[in-house]
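# Coordinate inspection notes
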Amino acid sequence: MAKHGKKSKSEATGKSATTGEQVTPKKSDSDATQVGVLGEALTYVLRHAAASLRGAMAEALRPLDLSAAQHSCLELLGRSPGLSSSELARGAFVSRQSMNLVLRGLQDRGLVTRPEIAPKGRALPTKLTAEGRECLNAANAVARTVEKRMLAAVPEKHRTRFRGDLAACAAVLAPAD
């Protein structure tokens, strides 16, 4: 390319300046890594779906005064009472620091309890309160509505396969324990 990013006459026409013959441009490293149309890249489509789901969930949970991370935390505790902050962070896909803020907010609202002193080690096991269970039930009803809205785009006969395929994709990329 000529000075200052402008194409020379031969670059613009695709013909050799000396012979006038058609020249096949060399592929640059950046051309070799292009994946085509952005909307066709699976990683982009998955990120777009996740962002859309996150936005829909945030909007749906807002009347319950819950964030998606708070709902995830309540959901995890509903299934496995006594998890530590670190375990909850891993399960909710947030940092430990973020989970500490989530737990503090849930605890201030009386939705979870944590002992003042760890029964063993340093981990403080967290449990739902009765109010936390009620809030979780309400949040799950809202979450299922959003999920149904999203899955309406997938024919019913393909939904089980769709879930299985997404789970398989996640499992193959998950770090080994």
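Residues numbered from 1 in each chain as written. Predicted model: local features only at pLDDT ≥ 70, side-chain atom pairs only at ≥ 80, totals over all residues. Heavy atoms only, no water.

Counting its regular elements, the protein contains eight helices and two strands. Starting at the N terminus and walking to the C terminus, you meet the elements of the protein as α-α-α-α-α-α-β-β-α-α. When the 177 residues of the protein are sorted by exposure, 21% land in the buried category. Long-range pairs, those at least 24 residues apart, make up 44% of the contacts in the protein with a sequence separation of at least 6. Accessible area of the protein: about 13,200 Å², with a carbon and sulfur share of 56%. (Helix = DSSP H or I, 4+ residues; strand = E, 2+ residues; numbered from the N terminus. Buried < 20%, exposed > 50% of the residue type's maximum accessible area, 1.4 Å probe, protein only. Contact = heavy atoms within 4.5 Å. Areas by Shrake-Rupley, 256 points an atom, 1.4 Å probe, with all protein chains shown as cover.)

Here we come to the layout of surface pockets. Rolled over the atoms, a probe sized like a water molecule indicates the empty space that remains. Volume-wise, the largest pocket comes out at about 1,800 Å³. Elements that contribute at least two residues to the lining of the largest pocket include exactly helix H3 (42–61), helix H4 (68–79), helix H5 (85–92), helix H7 (130–151) and helix H8 (159–173). Sorting elements by how many residues they give to the lining of the largest pocket places H3 first, with 10 residues. Its residues assigned to classes, the lining of the largest pocket shows 24 nonpolar, four polar and seven charged. (1 Å grid on protein atoms, 1.4 Å probe; cavity = no way out; pocket = protein on both sides within 12 Å on 5 of 7 lines; lining within 4 Å. Points joined across faces, edges and corners; volume = space filled by probe spheres on them. Nonpolar A, V, L, I, M, F, W, Y, C, P; charged D, E, K, R; others polar.)

Take the nonpolar core next. One finds Leu 66, Cys 73, Leu 74, Leu 77, Leu 88, Met 99 and Leu 106 to be the most contacted residues of the largest nonpolar core, which totals 23 residues. Within the residue set of this core, elements represented by two or more residues are H3, H4, H5, helix H6 (96–108) and H7. At five residues, H7 tops the list of elements feeding residues into this core. If we ignore the near neighbours within four places in the chain, the residues touching Leu 66 are Leu 61, Leu 74, Leu 106, Arg 109, Cys 135 and Ala 139. (Core = buried A, V, L, I, M, F, W, Y, C linked by side-chain atoms within 4.5 Å.)

With that settled, the discussion passes to the pattern of salt bridges. According to the stated counting rule, one finds four salt bridges in the structure shown. Linking Arg 79 and Glu 75 is a salt bridge whose minimum nitrogen-to-oxygen distance equals 2.8 Å. Linking Arg 79 with Glu 75, this pair stays in helix H4, spanning four residues, or about one helical turn. When its relative accessible area of 13% is taken as the criterion, Glu 75 is described as buried. Close ionic contact of Glu 147 with Arg 163 constitutes a salt bridge, the shortest N to O distance being 3.4 Å. With Glu 147 in helix H7 and Arg 163 in helix H8, this pair connects stretches of sequence that are 16 residues apart. Using a relative accessible area of 42% as the deciding quantity, one classes Arg 163 as partly exposed. Residues joined in a network through salt bridges with shared partners are Arg 144, Glu 147 and Arg 163. (Salt bridge = Lys/Arg side-chain N within 4 Å of Asp/Glu carboxyl O.)

Attention shifts here to the packing of H4 against H5. Two elements in contact, H4 and H5, have axes separated by 9 Å at closest approach and are oriented at 115°. The way H4 lies across H5 gives a crossing that is right-handed. Across the interface between the two elements, Ser 72, Cys 73, Leu 76 and Leu 77 from H4 touch Leu 88, Gly 91 and Ala 92 from H5. (Axes fitted to C-alpha atoms, helices over the stretch in contact; angles between N-to-C directions. Left-handed = near helix turned anticlockwise from the far one by under 90°.)

Treat this as a map of the structure, not an account of what it does.
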